[in-house]
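If you want the building blocks of each chain, they are given just below.
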Amino acid sequence: MHGYLNITRKQVAYFILLSAFFIYGYLEGFVPGSMVIFFVLLMLLRFINVKKYLEVKFLHHYPQYEHLPGWAKWAIIIVAYLLVFMAAKWVLMNVVLEGIFQIPIKEDMEEWMLGTYGIK
């Protein structure tokens, strides 16, 4: 898995900047604390080079992937990346935050979104 980690100065700077943005939102009262935890953990996924991992797996299992046009490779990688991202988000939200840490993230997210759109 070390070959798929993307820990560069740029990635660390983005992580710190975006984390600071969400922590500032929490301190100003715009974002609930549980949402800050959720977004910071979600941003840790940026350190994994999912595109490289998926391309290696596709080439290993489907050698004809290499002969596809560029737009087809791009579309396949985007769809696979979205599926991996949604699965990671579901595990993070339902298993880690709600199951292990007992943080009611779904209710906080619904309340935050309804408050944002003025429905509340």
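Anything mentioned here points back to the structure above.
Predicted model, so just to flag it, every value in this text is computed and none were measured.

J.: Is there a simple way to think about the nonpolar core in this case?
T.: In this structure, Met 35, Phe 38 and Ile 105 are the most contacted members of the largest nonpolar core, which totals 16 residues. The element contributing the most residues to this core is helix α2 (residues 33-43), with seven residues. Setting aside anything within four residues of it in sequence, one finds Phe 38 in contact with Lys 89, Leu 92, Met 93, Leu 97, Ile 105 and Met 109. If you look at the next biggest cluster of nonpolar residues, it comprises six residues, including Val 50, Phe 58, Ile 77 and Ala 80.

J.: Any chance you could explain helix α1 (residues 9-28) here in plain terms?
T.: Turn by turn, an α-helix covers 3.6 residues, leaving residues three or four places apart pointing in a common direction. Here α1 contains 20 residues, and its C-alpha end-to-end distance of 28 Å stays within 8% of the 28 Å for a straight helix at 1.5 Å per residue. Buried residues belonging to α1 abut α2. At the exit of α1 stands Gly 29, carrying a positive phi of roughly 90 degrees.

Rules of the game
Residues numbered from 1 in each chain as written. Predicted model: local features only at pLDDT ≥ 70, side-chain atom pairs only at ≥ 80, totals over all residues. Heavy atoms only, no water. Core = buried A, V, L, I, M, F, W, Y, C linked by side-chain atoms within 4.5 Å. Buried < 20%, exposed > 50% of the residue type's maximum accessible area, 1.4 Å probe, protein only. Helix = DSSP H or I, 4+ residues; strand = E, 2+ residues; numbered from the N terminus. Contact = heavy atoms within 4.5 Å. Expected span 1.5 Å × (residues − 1).

As far as function goes, none of this settles anything; it's purely spatial.
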